[in-house]
Amino acid sequence: MAQKIKVKKKLEDLRSQRWYGPNTMRGVSARARSRQMGFGPDDINNKPRIGIINTWSDMNTCHSHFKDRAEEIKRGVYQAGGFPIELPAMSLGEILVKPSTMLYRNFLAMEAEELIRCHPIDGVVLMGGCDKTTPALLMAALSMNIPAIYMPAGPMLRGFYAGETLGSGTDVLRYWADRRAGLIDDEKMENVVGGMSRSAGTCMVMGTAATMMALSEALGMTLPGASSIPAVDTAHALMASACGRRIVDMVWEDLKPRDIMTEAAFDNATAVDMAMGGSTNAMIHLIAIAGRAGIKLDLERFDKISQKTPVLANIKPSGEFLMEDFYYAGGIRGLMNQMKDHLDLRQINVTGGTLGESIKDQPVYLDDVIKSLDDPLYHQGGTAILRGNLAPDGCVIKQTAADPKFHQHVGKAIVFKDYTDLNLRIDDPDLEVDENSVLVLQNAGPIGAPGMPEWGMLPIPKKLLEKGVRDMVRISDCRMSGTAYGTCVLHVAPEAAVGGPLGLVKDGDEIEIDIQGRKIHLDVSEEELAKRKAAWSPPVYPATRGYTALYAKHVTQANEGADFDFLHAGDETPEPLIF
Ligand code: FES
């Protein structure tokens, strides 16, 4: 059973004292160099040193408030008697990093781990929010396992256009489909885009950012209620300085990520993911985060929790509202209190208290935004795991974002051998496709793309858009933005580029999906598949040097979290030698 940890550390126990404390040439030198920066002994000696890992940059559109927030965190650290040290890290802005931020999630995770490891810090505030930043920072926190608190960026304000509320990603995709169908012109499209992003903060639908920020809270790594606060609300600035105050206490209490992110905490996070109708990306990230603590999660565990957890958050793309509404409705604490029977309330969080204490009596103010267990949005969780000869190691689908008429479907495959092929041919008037076809994208997985980009919401062919078709069955080994929607089967494992059956599919093959039956089946005989496999050869990998080459050598498949095999071990990172 989880217990509160209130062990007091002494000054001489602090990690930073190994750098600054000893009366050796190195210790003297470290102290002298603090003066070089304008800090005297009274400023920093005898205080916990708190790292603030800041994923701000001009290229991360969602973290544009992080310069202010870093100062607010510092204020809190000073107030509590600590000394703050800001450490910039790769910012991973989802929109501008190509080919995919997923290629660099492990890069940021390694960078953050090494930033913590090599510097004289006793605790760390992790500033993230835009999609991959959250999992990367939590992965690093578990590997290093020194006191850590996560400060979520928070969602941006609602979008508006011509009296209509707009959700980032989700409504751009919807309007873009109308644009391709010739239903709206460039001017209207530009006006939609102009009303979409009204403030600092992450995408404000239940995309990957909102999902992972909420799950970080369900895991226990944020202050209670922190993950739902809109980025530009004054409560957000107050939360940032509270993070600064709290991390200093956590250092003295020696409260560490592995005390908080337990196996049961991951089950809590999975249940919350399902109740939120969270992004399909959450599964890959949760598996990768847990792996850093040696906790093995598999897809069946997600599916079991999904089957018994109803969706309560009525947020786009599965529902109607946006994250700002979710905050006014009671936020994540309201949702977790509503579903408390599905959670292990004994798990502790960064407060040192339990989850049960943090959500106790939190009301829901708007019951059309956060539904009740008696009147859920959907009776099962948002994500389903499918298996079959096309995906022996599993694949996922966001069933709540799929047209119910495709929940059970048989159709003939139209195969695109890679993303370039898809873009060249999808709008070809001669493409033999109809609304019952199954669009298949190969070689878009962790190694195939590389980096498993969010290409999984394959575009509907233009000639079908013009007929009013807005959903089709699509299958790939890549991911889909949490803001996206449609009947998109994702994360097919093993991926095509390593010889998975997805790479053997040919035009005209019949494919069956059955969400209720958790099945995906390629109707081709084993003999024929063996023949195709014998004739198969892997695609040429686009890098022979640098990080991208390292990535291909070590990345694992989607069902294993797509972490690097050499980081997924579960051991804590050793401390550096200091002489
Ligand atoms: Fe940053 Fe969506 S682009 S959260």
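The structure displayed is predicted, hence computed values, not measured ones. (Residues numbered from 1 in each chain as written. Predicted model: local features only at pLDDT ≥ 70, side-chain atom pairs only at ≥ 80, totals over all residues. Heavy atoms only, no water.)

### So, the overall build of the protein chain
Logical step 1: Of regular secondary structure, the protein chain possesses 21 helices and 14 strands.
Logical step 2: Radius of gyration (C-alpha) of the protein chain: 24 Å, near the 25 Å computed for a compact globule of 579 residues.
Logical step 3: Structurally, the protein chain occupies a C-alpha span of about 75 × 55 × 50 Å along its principal axes.
Logical step 4: In the protein chain, which comprises 579 residues, the proportion classed as buried is 60%.
Logical step 5: Distance between charge centroids for the protein chain: 6 Å, based on 62 positive and 75 negative side chains. (Helix = DSSP H or I, 4+ residues; strand = E, 2+ residues; numbered from the N terminus. Rg over C-alpha atoms; globule rule 2.2 N^0.38 Å. Buried < 20%, exposed > 50% of the residue type's maximum accessible area, 1.4 Å probe, protein only. Lys, Arg positive; Asp, Glu negative; His and termini not counted. Charge placed at Lys NZ, Arg CZ, Asp CG, Glu CD.)

### With respect to the confidence of the model for the protein chain
Logical step 1: Chain-level pLDDT for the protein chain is 94 on average; 98% of the residues reach the 70-or-more range.
Logical step 2: Low pLDDT, under 50, characterises residues 1-5; the stretch is placed with 14 contacts to residues that sit more than four places away or in other chains. (pLDDT = per-residue confidence, 0-100. Contact = heavy atoms within 4.5 Å.)

### Section: the sheet that holds strand β1 (residues 49-54)
Logical step 1: Here 4 strands make up an open sheet; going across it, the order is β2-β1-β3-β4 and the pairing parallel. Two strands in the sheet have a free side with no partner beyond their single neighbour: β2 (83-88) and β4 (148-152). Neighbour to neighbour, the strand axes of the sheet diverge by 20 degrees on average, direction disregarded.
Logical step 2: The pairing of strand β3 (residues 123-128) with β4 spans 5 bridges and is classified as parallel. Among the inter-strand pairings, Val-124 is bridged to a residue of β4, identified as Ala-148. (Pairing = 2+ DSSP bridges. Axes fitted to C-alpha atoms, helices over the stretch in contact; angles between N-to-C directions.)

### Section: the environment of Lys-188
Logical step 1: Along the polypeptide, Lys-188 turns up in helix α8 (residues 186-194).
Logical step 2: Judged by relative accessible area, which is 30%, Lys-188 ranks as partly exposed.
Logical step 3: It is 9.3 Å that separates the C-alpha atoms of Lys-188 and Tyr-175, two residues lying 13 residues apart in sequence.
Logical step 4: Among all residues touching Lys-188, those that are not within four sequence positions of it are Tyr-161 and Tyr-175.

### Considerations on the nonpolar core
Logical step 1: Core analysis: the largest hydrophobic core is formed by 121 residues, its most contacted members being Ile-53, Val-125, Met-151, Phe-266, Val-272, Phe-326 and Leu-335.
Logical step 2: Among residues more than four places away in sequence, those in contact with Phe-326 are Ser-228, Met-276, Ala-313, Ile-315, Gly-331, Ile-332, Leu-335, Val-369 and Ile-370.
Logical step 3: Core analysis: the next-biggest nonpolar cluster, separate from the first, contains 26 residues, Ala-413, Ala-496, Leu-502 and Ile-511 among them. (Core = buried A, V, L, I, M, F, W, Y, C linked by side-chain atoms within 4.5 Å.)

### A closer look at a negative patch on the surface
Logical step 1: A grouping of Asp-428, Asp-430, Glu-432 and Asp-507 is seen on the molecular surface, where their side chains present a negatively charged patch.
Logical step 2: Structurally, Asp-507 can be placed in the loop between β12 (487-490) and β13 (510-514). (Patch = residues over 30% accessible without salt bridge, like charges linked within 9 Å, V, L, I, M, F, W, Y side chains within 5 Å. Areas by Shrake-Rupley, 256 points an atom, 1.4 Å probe, with all protein chains shown as cover. Salt bridge = Lys/Arg side-chain N within 4 Å of Asp/Glu carboxyl O.)

### Quick word on helix α7 (residues 170-180)
Since the α-helix advances by 3.6 residues per turn, residues separated by three or four positions end up pointing in the same direction.
Logical step 1: Listed as buried for α7 are Thr-170, Asp-171, Tyr-175, Ala-177, Asp-178 and Arg-180.
Logical step 2: Against the buried residues of α7 lie β5 (159-161), β6 (164-166), α8 and α19 (462-465).
Logical step 3: Looking at the residues trailing α7, positive phi occurs at Gly-182, about 80 degrees.

### Some thoughts on the pattern of salt bridges
Logical step 1: The full count for this structure, using the stated rule, is 38 salt bridges.
Logical step 2: Of the charged contacts, one joins Glu-454 and Lys-132 as a salt bridge, the two residues approaching to 3.8 Å between their closest N and O atoms. Taken together, the residues span a long stretch of sequence, with Glu-454 in the loop between β10 (438-441) and α19 and Lys-132 in the loop between β3 and α6 (133-144) at a distance of 322 residues.
Logical step 3: The salt bridge involving Arg-246 is made with Asp-249; its shortest N-O contact spans 4.0 Å. In this pair, Arg-246 and Asp-249 are both assigned in helix α10 (residues 234-253), 3 residues apart and thus about one turn of the helix distant.

### Points about the pairing of β12
Logical step 1: Of the two faces of β12, the one lined by Thr-487 and Val-489 and the one lined by Cys-488 and Leu-490 are each fully buried.
Logical step 2: Alignment of strand β8 (residues 391-398) against β12, held across 2 bridges, turns out to be antiparallel. What sits directly across from Ile-397, in β12, is Val-489.
Logical step 3: The pairing of strand β11 (residues 473-476) with β12 spans 3 bridges and is classified as parallel. Following the sheet pairing, Val-473 is matched in β12 by Thr-487.

### Examining helix α2 (residues 25-36)
Logical step 1: Compared with the 16 Å implied by 1.5 Å per residue over 12 residues, the 16 Å span of α2 between its first and last C-alpha is a close match.
Logical step 2: Immediately beyond the C-terminal end of α2, within one or two residues, lies Gly-38, with a positive phi of roughly 90 degrees. (Expected span 1.5 Å × (residues − 1).)

### Side note on the packing of helix α9 (residues 208-219) against helix α16 (residues 331-338)
Logical step 1: Orientation of α9 relative to α16, taken along the N-to-C sense of each, is 60 degrees, at an axis distance of 11 Å. Taken together, the axes of α9 and α16 lie oblique to each other. Handedness of the crossing formed by α9 with α16: right-handed. Contact residues: Ala-214, Glu-217 and Ala-218 in α9; Ile-332, Arg-333 and Met-336 in α16.
Logical step 2: Along the lines of polarity and charge, the residues of the contact of α9 with α16 split into 4 nonpolar, no polar and 2 charged. (Parallel < 35°, antiparallel > 145°, perpendicular 65-115°, else oblique. Left-handed = near helix turned anticlockwise from the far one by under 90°. Nonpolar A, V, L, I, M, F, W, Y, C, P; charged D, E, K, R; others polar.)

### What to know about the side chain of Ser-358
Logical step 1: Note on placement: Ser-358 falls in helix α17 (residues 355-359).
Logical step 2: Among the residues examined, Ser-358 registers a relative accessible area of 9% and is labelled buried.
Logical step 3: Apart from the residues lying within four places of it in its own chain, the contact partners of Ser-358 are Pro-224, Arg-333, Asn-349 and Thr-351.

### A look at the packing of aromatic side chains
Logical step 1: Considering all chains together, one arrives at 11 aromatic pairs under this definition.
Logical step 2: Relative to Phe-83, the ring of Phe-39 has its centre 4.7 Å away and its plane inclined at 85 degrees; by these criteria the two rings are edge-to-face. Of this pair, Phe-39 sits in the loop between α2 and α3 (41-44) while Phe-83 sits in strand β2; the two residues are 44 residues apart in sequence, bridging distant segments of the chain.
Logical step 3: The partly exposed category is assigned to Phe-39, whose relative accessible area is 25%. (Phe/Tyr/Trp six-rings, centres within 6.5 Å; stacked < 30°, edge-to-face > 60°.)

### Notes on the state of the cysteines
Logical step 1: The full count for this structure, using the stated rule, is 0 disulfides.
Logical step 2: Cys-243 takes part in no disulfide bond, and the closest cysteine sulfur to it belongs to Cys-130, at a distance of 19 Å.
Logical step 3: With a relative accessible area of 0%, Cys-243 lands in the buried category. (Disulfide = S-S within 2.5 Å.)

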